[in-house]
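Read off the chains here:
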Amino acid sequence: MEDFWKRAKTFAEEAAKKSQSITTSTKIADLVAETAKKSKELALEASKKADEIKTAALKQADQIPIKSITDIIPPQLSSLSSIATSSSSSSDLTISDSELRKFGVTDDLKEFVRGLTSSTFQNFPIQDEAETSDVPTTTSNVRKDLTEWQERHATLVLATVKAISKLRYELCPRVMKERKFWKIYFTLVSTHVAP
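Structure report, in brief. (Residues numbered from 1 in each chain as written. Predicted model: local features only at pLDDT ≥ 70, side-chain atom pairs only at ≥ 80, totals over all residues. Heavy atoms only, no water.)

What follows covers the environment of Arg114. By the element assignment, Arg114 lies in helix H5 (residues 107–114). Distance from Arg114 to Lys162, taken between C-alpha atoms, is 8.2 Å for residues 48 residues apart in sequence. In contact with Arg114, not counting residues within four places along its chain, are Val161 and Ala163. (Helix = DSSP H or I, 4+ residues; strand = E, 2+ residues; numbered from the N terminus. Contact = heavy atoms within 4.5 Å.)

Quick look at the structure:
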């Protein structure tokens, strides 16, 4: 990356020198065209380099081992501890099948949720609402403006489907508010669950 900046600096210095020696309008037009072309090339190269860095960072992030849910959620947000195993290994997550069914977290739903992408949420046709900042979050870090059923469903989905948890992390709050994320989520899964 440092090499890239050195090349850009050298190019700028050469352009400055050339501009001092130019006297005709034809030469100026040529210099402007050449400068624009070179600037576009440098911008394209910088963009490609940024994409490479992003890809490498995502690959490295995917390789970070997560041993249990407690590695992700700090102790003060431990309402999910009721779904974590009480055994000393705690590397597995124990959630009863009956609870999953009760809250609509079926294999069909999990498969559907794994197919959701950030563009699915970003391109979803929904009006932005004024965010009410006084709406608290629960200890599981799920917004309290959801119904009790939605709150528990969201907690279970976040604990059992890594893809939606990762997606939520990518989108909230940088791209969209938490409230909008869950509104879109429950709209999308409405055909897969019936509260």
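As a further point, take the pattern of salt bridges. Any two side chains of opposite charge can pair if their charged atoms end up close together. All told, the structure shown has four salt bridges when counted by the stated rule. One salt bridge connects Arg152 with Glu99, and the closest N-O pair in it is separated by 2.8 Å. Taken as a pair, Arg152 in helix H7 (residues 148–160) and Glu99 in helix H4 (residues 97–102) lie far apart in primary sequence, 53 residues in all. Since its relative accessible area comes to 17%, Arg152 is described here as buried. Notably, a salt bridge pairs Glu178 with Arg168, separated by 2.8 Å at the nearest N-O pair. (Salt bridge = Lys/Arg side-chain N within 4 Å of Asp/Glu carboxyl O. Buried < 20%, exposed > 50% of the residue type's maximum accessible area, 1.4 Å probe, protein only.)

Turning our eyes to something else, we now look at H7. For H7, which comprises 13 residues, the first-to-last C-alpha distance of 18 Å matches the rise-based estimate of 18 Å (1.5 Å per residue) to within 8%. Buried residues dominate H7, accounting for ten of its 13 residues. By the burial criterion, the buried members of H7 are Trp149, Glu151, Arg152, His153, Ala154, Thr155, Leu156, Val157, Leu158 and Ala159. (Expected span 1.5 Å × (residues − 1).)

Another aspect to go through is the packing of aromatic side chains. Counted according to the given criterion, the structure contains six aromatic pairs. Both rings, one in Phe103 and one in Trp149, keep their centres 6.2 Å apart while their planes meet at 35 degrees; by these two values the pair is tilted. Here the residue Phe103 occupies a position in the loop between H4 and H5, and Trp149 occupies one in helix H7, the gap between them amounting to 46 residues. Judged by its relative accessible area of 17%, Trp149 is buried. With centroids separated by 4.6 Å and ring planes inclined at 10 degrees, the aromatic side chains of Phe121 and Phe181 adopt a geometry described as stacked. Of this pair, Phe121 sits in helix H6 (residues 118–122) while Phe181 is found in helix H9 (residues 178–188), placing the two residues 60 residues apart along the sequence. Like Phe181, Phe121 is buried. Chaining the aromatic ring pairs together yields one cluster made of Phe121, Phe181, Trp182, Tyr185 and Phe186. For the cation-ring pair, Arg174 lies above Tyr169, with the distance from its terminal atom to the ring centre recorded as 5.2 Å. (Phe/Tyr/Trp six-rings, centres within 6.5 Å; stacked < 30°, edge-to-face > 60°. Lys NZ or Arg CZ within 6 Å of the ring centre and 35° of its normal.)

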